[in-house]
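Now for the letters of each chain:
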Amino acid sequence: SSGKFQAFFCYMKDSPLPENFSWSQQDVKYYSDHKQHYDWILFRNEPYIGICAKNHPFAGREVNVEELLAERIILREKGSGTRKIFERELENIGFTTDAFQKQICISSFEIIKSLVSDGYGISFLYQAVVKDNENLAQFICPPLTGVHEFNAVFLKGTDAGSMVKKFMTNDTERKRKGNKCDI
């Protein structure tokens, strides 16, 4: 090992590991439900929420799926963890993204947040992505929104677990001191 700690961050739940999931490239991967095949450590439980412009009628509300379908949905790119969660939860209630007549697909969280804050549509992201953004409001739409695990997943028999624990200890200490994360 080079002594450097690399981490690939990705949020997923109940989906197979991607074909390009290469342990030779990084020591640790962040996923949410692959406990049966690998060692894992819970990083945190993270709220998955709806976001809209702060003056949008959904701001601060609980909305139903029928209300959502009339909106322009701004989705992450196919294959992204946040999109997979949204698609899975929609399918669980009998819908697909095709139920939305107006869709935009964007791979950048920053562009999504900008478009949503400017009133071009709504989106669903992890709360940590939009935290402290004064131009955005949150809404919930059960069962599409909720809390999902965010785990560090690593190969058994490696020292990756100790690296994850060290990272988590350092991250906890950083937060206690009020410092921002540089990841």
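Everything here concerns the structure above.
These numbers come from a predicted model, not from an experiment.

Draft legend 1. A look at the pattern of salt bridges. One pass over the full model with this rule turns up six salt bridges. Between Glu 87 and Arg 83 there is a salt bridge whose closest N-O contact spans 2.8 Å. You can see Glu 87 and its partner Arg 83 sitting in helix α2 (residues 81-92), four residues apart, about one turn around the helix. Since its relative accessible area comes to 23%, Glu 87 is described here as partly exposed.

Draft legend 2. Just the packing of aromatic side chains, in detail. One pass over the structure, following the stated rule, counts six aromatic pairs. Judged by centre distance (6.3 Å) and plane angle (25°), the ring pair of Tyr 48 and Phe 124 falls under stacked. You can see Tyr 48 sitting in strand β3 (residues 39-53) and its partner Phe 124 sitting in strand β6 (residues 123-126), a full 76 residues away along the chain. Assigned by exposure class, Tyr 48 and Phe 124 land together as buried. On the basis of an interplanar angle of 80° and a centroid distance of 5.5 Å, the ring pair of Phe 124 and Phe 139 is categorised as edge-to-face. Of the two residues, Phe 124 is situated in strand β6 and Phe 139 in strand β7 (residues 136-139); the sequence distance between them amounts to 15 residues. The residues Phe 124 and Phe 139 share a single accessibility class, namely buried. Through pairs of rings, three or more aromatic residues link up here, namely Tyr 48, Phe 58, Phe 86, Phe 100, Phe 124, Tyr 126 and Phe 139.

Draft legend 3. Inspection of α2 at higher detail. For α2, with 12 residues, the first-to-last C-alpha span of 16 Å sits near the 16 Å given by 1.5 Å per residue. Residues Gly 81, Thr 82, Arg 83, Ile 85, Phe 86, Arg 88, Glu 89 and Leu 90 constitute the buried set of α2. Just downstream of α2, Gly 94 is the residue with a positive phi angle, here 90°.

The rules behind the values
- Residues numbered from 1 in each chain as written.
- Predicted model: local features only at pLDDT ≥ 70, side-chain atom pairs only at ≥ 80, totals over all residues.
- Heavy atoms only, no water.
- Salt bridge = Lys/Arg side-chain N within 4 Å of Asp/Glu carboxyl O.
- Helix = DSSP H or I, 4+ residues; strand = E, 2+ residues; numbered from the N terminus.
- Buried < 20%, exposed > 50% of the residue type's maximum accessible area, 1.4 Å probe, protein only.
- Phe/Tyr/Trp six-rings, centres within 6.5 Å; stacked < 30°, edge-to-face > 60°.
- Expected span 1.5 Å × (residues − 1).

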